[in-house]
Amino acid sequence: MNLAVEMAGVRLKNPVLTASGTFGYGLEFAAYGDLTALGGIVVKGLSWEPRKGNPMPRVAETPCGMLNAIGLQNIGVHRFVEEKLPLLPWAEVPVIANLYACDVTDFARLAEYLAEQEGVAALEVNISCPNVQAGGILFGQDPGQAARVTRAVKDRAGTKPVIVKLSPNVTDITAVAKAAADGGADILALINTLSGMAVDVRNRRPRLANVIGGLSGPAIKPVGLRCVYQVSRAVDLPIIGLGGIASAENVLEYILVGAWAVQVGTANFLRPDMAFRIAAELPLLLDELGVSSWDEFRGALRA
Amino acid sequence: MPDNTLMAADAASSPVCREFTVMELRRTGPESGSPAHSPVGPDQSHWLLDLDLTAGFPGDAGWTPGQFVMLRPVSWSFELLWARPFSICMLESGVLRLFFQVVGRGTRAMSALRPGDRVVAWGPLGQGFALEPETSTLLLAGGIGLAPFIGYARRHPQPEKLRLFFGHRPEVAEYPLDLLPQEMPMEASRQTCAEELACFVDDLERRIKEYAARQGLILACGPHPFLRAVQGLAMKHRARAQLSLENRMACGVGACLGCVTETTNQTLPVKVCTQGPVFWAGDVHLGGEA
Ligand SMILES: Cc1cc2nc3c(=O)[nH]c(=O)nc-3n(C[C@H](O)[C@H](O)[C@H](O)COP(=O)(O)O)c2cc1C
């Protein structure tokens, strides 16, 4: 079957993308597979200025998952555009920039700068961060803030599609999803990490220096599936599903509950050729299941 | 337009990721051969693991001692999520040998591997130790930090130029010292109490001072407090020294930013997995954490 997916004008040769923060700037994985065989590459969150991130330790393994509090260490958007983007095969595989900022003004200038870059196929807005201009409330936890930041990015994004990446750390994810849609989002991506922590009773310390971090990996897949299912019924926008995907079968689980495409995140750490393997296995599994088109399968959950 | 210079640009040692077969796993030390028994926690046993690399891995010339591999048994479901990093102990005639100690859940599960089991491994990764054939070189190993020096000494064209000073807490019989070339002089020193540890640090200082005086090269691998001691002494005596860091890692390829360390010459923390694990002693800040 034809694996291609088109969402908001972005053409993907297959629905398997990589998740921000788990695939570096893409180049780190070039030795382990053909980057152009992926549906798309979402790069590490980019801020206007370089960021040092949080103190160590910043990762901890948990049952079937991991916690991270990297704190958005990144080289800054200018160095990304100058040093990394030219090395990426962006003409053959969509490269999606992930935007991180702590206020609306910063998000807007990131969007404006990235929208000018030919090699950037779309902008993904990470709204799982505190808005320092609004007393530190998380953009992703407040529908009003989510709508404002989406609008600010969309206004500067020119022709580039805007993906808003939702946090699962909310009571009703459909409320934030609707707000992002009202703000002009073209695509929604969900879920970001779940807030969590781990401690060591022997030395009475938290396992992360930041104490609290984001849980990811297979442990969170049920939450991701639930969120995609709910949002796909509440909002009429294409959805990119993620959270715990580690096989071609997991990809189809997300598509079955309504996703158009998916991102592979933490599973890239299990082996660096993971995303390439999943993209390669997907057509075999679709054949085996007798799926004839995405339109037939997407959201076709018999519930 | 970007082209296929991509691979060459990023992958100096062009690592690979493949599935390999376990040839042999054997326990070193007095109870050699018997399985480790510890229902509650790490038992600190030591093991040599041999993997059959005939299915494509950079060969003898394609790696530098001090480099490492990430390894994850295929049988691990998701309960143990990450692969684990291991120094390359030996990589000779199609066999990759790792020397590891059971220190946690991952290494404990690894000590249950059997011949024929499959593991995923990727590497060789990171930057290895400097190798200067004509320079007198002091190898400082603490405990399991011996592992990369086995390969280093075996690969060195003039092992008589090397000298190994090896500090350890478990019995010396736990360590496969027979794998070291006989031409290399070595001393082993066991520390079981605070006084012995203090003596050991004095011994370290004497040797570091000596190698600093004769423009030698010093290489160290071992637990964090050991590296901090070596770093302090090397700076004090202005010795040329390299340290191999063993930070916790999730991916090993520079993607997760979980293993970073602060340096003296870069504003952003650097990735131990790709820019390290070996650093010049003057370039890294070793955190206070054990
Ligand atoms: C180490 C790490 C770093 C991450 N960094 C980012 C980031 O910079 N921006 C972002 O939007 N999400 C980031 N994420 C979240 C992932 O993109 C993804 O939403 C989440 O991990 C759930 O998917 P998974 O279970 O497949 O990993 C990060 C996740 C991890 C594990």
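This is a predicted model, so every value here is computed, not measured.

> I tried to follow the overall build of chain B on my own but got confused; where do I start?
Scanning chain B from terminus to terminus reveals six helices and 13 strands. In chain B, buried positions account for 55% of the 290 residues. Long-range pairs, those at least 24 residues apart, make up 68% of the contacts in chain B with a sequence separation of at least 6. Surface exposure of chain B reaches about 12,300 Å², of which carbon and sulfur atoms provide 51%.

> Would you take a moment to explain the sheet that holds strand β1 (residues 16-27) of chain B for this structure?
Two strands in a sheet stick together by hydrogen bonds in their backbones, pointing the same way (parallel) or opposite ways (antiparallel). Residue and element names in this part refer to chain B. On the basis of which strands lie adjacent, the open sheet formed by seven strands has the order β4-β3-β7-β1-β2-β6-β5 and antiparallel pairing. Both outer strands of the open sheet, β4 (84-87) and β5 (90-92), are each paired with one neighbouring strand and no more. On average, each strand axis in the sheet is tilted by 35 degrees relative to the strand beside it, whichever way the strands run. Pairing of β1 with strand β7 (residues 118-125), which is carried by six bridges, proceeds in the antiparallel orientation. Note on β7: the bridge partner recorded for Val16 is Gly123. On the sheet, helix α3 (residues 147-155) packs against β4, β5 and β6 (95-101) and is oriented at approximately 40 degrees with respect to β5.

> Hey, could you run me through the environment of Ala121 of chain A in this one?
Residue and element names in this part refer to chain A. Looking at where Ala121 falls in the secondary structure, it is placed in the loop between α2 (104-115) and β8 (122-126). Taking relative accessible area as the criterion, Ala121 reaches 26% and is therefore assigned partly exposed. Other than its neighbours up to four places away in sequence, Ala121 contacts Pro94, Val95, Lys160 and Pro161.

> What's the story with α2 of chain A in this structure? I'm lost.
A turn of α-helix holds 3.6 residues, and therefore any two residues three or four places apart point the same way. Residues and elements named next belong to chain A. A rise of 1.5 Å per residue sets the reference length of α2, with its 12 residues, at 16 Å; its end C-alpha atoms lie 16 Å apart and thus fit the reference within 8%. Most of α2 is tucked away: nine of the 12 residues are buried. Turning to α2, its buried residues number three or more, namely Val104, Asp106, Phe107, Ala108, Leu110, Ala111, Tyr113, Leu114 and Ala115. Residues of α2 that are buried in the fold lie against α1 (77-84), β7 (95-99), β8, β9 (130-131) and α3 (143-156). Measuring from the side-chain oxygen of the N-cap residue of α2 to the backbone nitrogen of Thr105 gives 3.2 Å; that N-cap residue is Asp103.

> How should the site of the ligand be read in this particular structure?
In the region of the ligand, 24 residues are neighbours, and Ser20, Lys165, Gly217, Gly244 and Thr266 of chain A sit closest. Nearby residues place the ligand at the junction of chains A and B. Here an oxygen atom of the ligand sits 2.7 Å away from a polar atom, N or O, in the main chain of Ser20 of chain A. In the environment of the ligand, an oxygen atom lies 3.1 Å from a nitrogen or oxygen atom belonging to the backbone of Ile191 of chain A. Within the shell around the ligand, the residues separate by chemical class into seven nonpolar, 15 polar and two charged.

> Where do I start with the packing of aromatic side chains in this structure?
Remark: the centre distance and the inter-plane angle together describe each pair of aromatic rings, the angle taken between the planes. For the structure shown, the criterion picks out 12 aromatic pairs over all chains. Judged by centre distance (6.3 Å) and plane angle (50 degrees), the rings of Phe23 of chain A and Phe276 of chain A are tilted. Note that Phe23 of chain A is positioned in the loop between β3 (16-18) and β4 (40-42) and Phe276 of chain A in helix α7 (residues 274-289), a separation of 253 residues in sequence. For the pair Phe23 of chain A and Phe276 of chain A, a shared accessibility class is recorded, and that class is buried. Taking the centre distance of 6.1 Å and the plane angle of 85 degrees together, the rings of Phe129 of chain B and Tyr152 of chain B count as edge-to-face. Of this pair, Phe129 of chain B sits in the loop between β7 and β8 (137-142) while Tyr152 of chain B sits in helix α3, placing them 23 residues apart in sequence. The same class applies to Phe129 of chain B and to Tyr152 of chain B, which are both buried. Site record: aromatic cluster; members linked through ring pairs are Phe23, Phe29 and Phe276 of chain A. Over the ring of Trp260 of chain A we find Arg298 of chain A, and its NZ or CZ is 3.9 Å from the ring centre.

> For this particular structure, what's the right way to read the sheet that holds β8 of chain A?
Residue and element names in this part refer to chain A. With parallel pairing, the eight strands of this closed barrel are ordered in space as β3-β4-β7-β8-β11-β12-β17-β18. Looking at each pair of strands side by side, their axes are set apart by 25 degrees on average, direction ignored. With three bridges connecting them, β3 and strand β18 (residues 261-264) associate as parallel partners. Within β18, the position partnered with Leu17 by the bridge is Gln263. Most of the contacts of helix α5 (residues 221-234) go to strand β17 (residues 239-242), to which it runs at about 165 degrees, and overall it touches β12 (187-190) and β17. Contacts between α7 and the sheet are confined to β3 and β18, with β3 contributing the most and set at about 175 degrees to the helix.

> Can you walk me through the pattern of salt bridges in this structure?
Close approach of charged atoms allows side chains with opposite charge to pair. Evaluation of the coordinates by the stated rule reveals 26 salt bridges over all chains. Between Glu210 of chain B and Arg214 of chain B there is a salt bridge, and its shortest N-O distance comes to 2.7 Å. On the accessibility criterion, Glu210 of chain B (38% relative accessible area) is partly exposed. Each of Glu61 of chain A together with Glu79, Arg84 and Arg105 of chain B takes part in salt bridges that share partners, so that together they form one network.

> Whenever I open this one, the pairing of strand β5 (residues 59-62) of chain A confuses me. Can you help?
Along a regular strand, successive side chains alternate from one face of the sheet to the other. Both faces of β5 of chain A are covered, namely the face carrying Val59 and Glu61 of chain A and the face carrying Ala60 and Thr62 of chain A. Linking β5 of chain A to strand β6 (residues 65-68) of chain A, which pair antiparallel, is a turn of two residues; within it Cys64 of chain A sits at a positive phi near 55 degrees.

> What am I meant to see in unusual backbone geometry here?
Glycine aside, residues mostly have negative phi, and peptide bonds are mostly found in the trans state. Put simply, Met56 of chain A and Pro57 of chain A share a cis peptide bond, and its omega is -5 degrees. Its place among the elements puts Pro57 of chain A in the loop between β4 and β5. With omega at -5 degrees, the peptide bond leading from Gly123 of chain B into Pro124 of chain B counts as cis. The residue Pro124 of chain B is located in strand β7 in this model. With phi around 60 degrees, Arg204 of chain A is a residue other than glycine that occupies positive phi space.

> Looking at this structure, how should I read the side chain of Asp273 of chain A?
Its location among the elements puts Asp273 of chain A in the loop between β18 and α7. For Asp273 of chain A, a relative accessible area of 9% puts it in the buried group. Side-chain polar atoms of Asp273 of chain A contact the side chain of Arg271 of chain A, separated by 2.7 Å. Residues contacting Asp273 of chain A, with those up to four places away along its chain left out, are Tyr32 of chain A together with Cys17 of chain B.

> Is there a simple way to think about the domain arrangement of chain B in this case?
How big an interface is tends to be expressed through the accessible area that disappears when the partners come together. Residues and elements named next belong to chain B. Under the domain assignment, chain B is made up of domain 1 (16-125) and domain 2 (137-283). Distance from the C-alpha centre of domain 1 to the C-alpha centre of domain 2: 21 Å. If you look at the interface, domain 1 gives 26 residues, while domain 2 gives 24 residues. When domain 1 packs against domain 2, close to 2,200 Å² is buried across both sides, 65% of that on carbon and sulfur atoms. Of all residues in domain 1, the largest losses of buried area upon contact with domain 2 belong to Pro65, Trp82 and Phe99, amounting jointly to 23% of the total for that side. Taken together, the links from domain 1 to domain 2 amount to one salt bridge. Residue Arg154 pairs with Glu92 through a salt bridge whose shortest N-O separation is 2.7 Å. The tally of links between domain 1 and domain 2 comes to seven residue pairs in polar contact (both at pLDDT 80 or more). Listed by contribution, the elements that provide at least two residues to the side of domain 1 that touches domain 2 are β2 (46-52), β3 (68-73), β4, β5, β6 and β7. If one sorts the elements of the side of domain 1 that touches domain 2 by residue count, β6 sits on top with four residues. Tallied by class, residues from the side of domain 1 that touches domain 2 come to 17 nonpolar, six polar and three charged.

Basis of the calculations
The written sequence of each chain sets the order in which its residues are numbered from 1. Key to labels: chains lettered from A, ligands numbered from 1, both in the order written. It should be noted that, the model being predicted, local features are given only for residues of pLDDT at least 70 and side-chain atom pairs only at 80 or more, the latter also being counted only at that level, while totals for whole chains, interfaces and linings use all residues. Where side-chain values are given, they derive from all heavy atoms of the structure, hydrogens and water being excluded. Starting at the N terminus, helices and strands are each numbered in turn, a helix being any DSSP run of H or I of at least four residues and a strand any DSSP run of E of at least two. Accessible area is worked out with a 1.4 Å probe on protein chains only. A residue is then buried under 20% of its type maximum, exposed over 50%, and partly exposed in between. In what follows, residue pairs with any heavy atoms lying within 4.5 Å of each other are defined as contacts. Surface accessibility in these figures is a Shrake-Rupley result with a 1.4 Å probe; residues are shielded only by whichever protein chains are displayed. Two strands qualify as a pair provided DSSP detects at least 2 bridges between them. Working convention: axes come from line fits to C-alpha atoms, limited for helices to the stretch in contact. Angles between N-to-C directions cover 0 to 180 degrees. Multiplying one less than the number of residues by 1.5 Å gives the expected span of a helix. By the criterion applied in these results, polar contacts are pairs of N or O atoms within 3.5 Å in which, for protein atoms, one can donate a hydrogen and the other can accept it, and in which residues neighboring in sequence qualify only through two side-chain atoms. By convention in these notes, a residue is near a molecule or strand provided one of its non-hydrogen atoms lies within 4 Å of it. Note on residue classes: Ala, Val, Leu, Ile, Met, Phe, Trp, Tyr, Cys and Pro are nonpolar, Asp, Glu, Lys and Arg are charged, and everything else, Gly too, is polar. Pairing of aromatic rings covers Phe, Tyr and the six-membered ring of Trp, with a centre-to-centre limit of 6.5 Å; geometry is then stacked below 30 degrees between planes, edge-to-face above 60, and tilted otherwise. Charge-over-ring placement is defined geometrically: NZ (Lys) or CZ (Arg) within 6 Å of the ring centre, and within 35 degrees of the ring normal. By convention in these notes, a salt bridge is any Lys or Arg side-chain nitrogen within 4 Å of a carboxyl oxygen on Asp or Glu. All domain edges in this entry derive from an automatic or database-based domain assignment. Once two parts are put together, the accessible area they lose, assessed with a 1.4 Å probe and summed over both, is termed the buried area.

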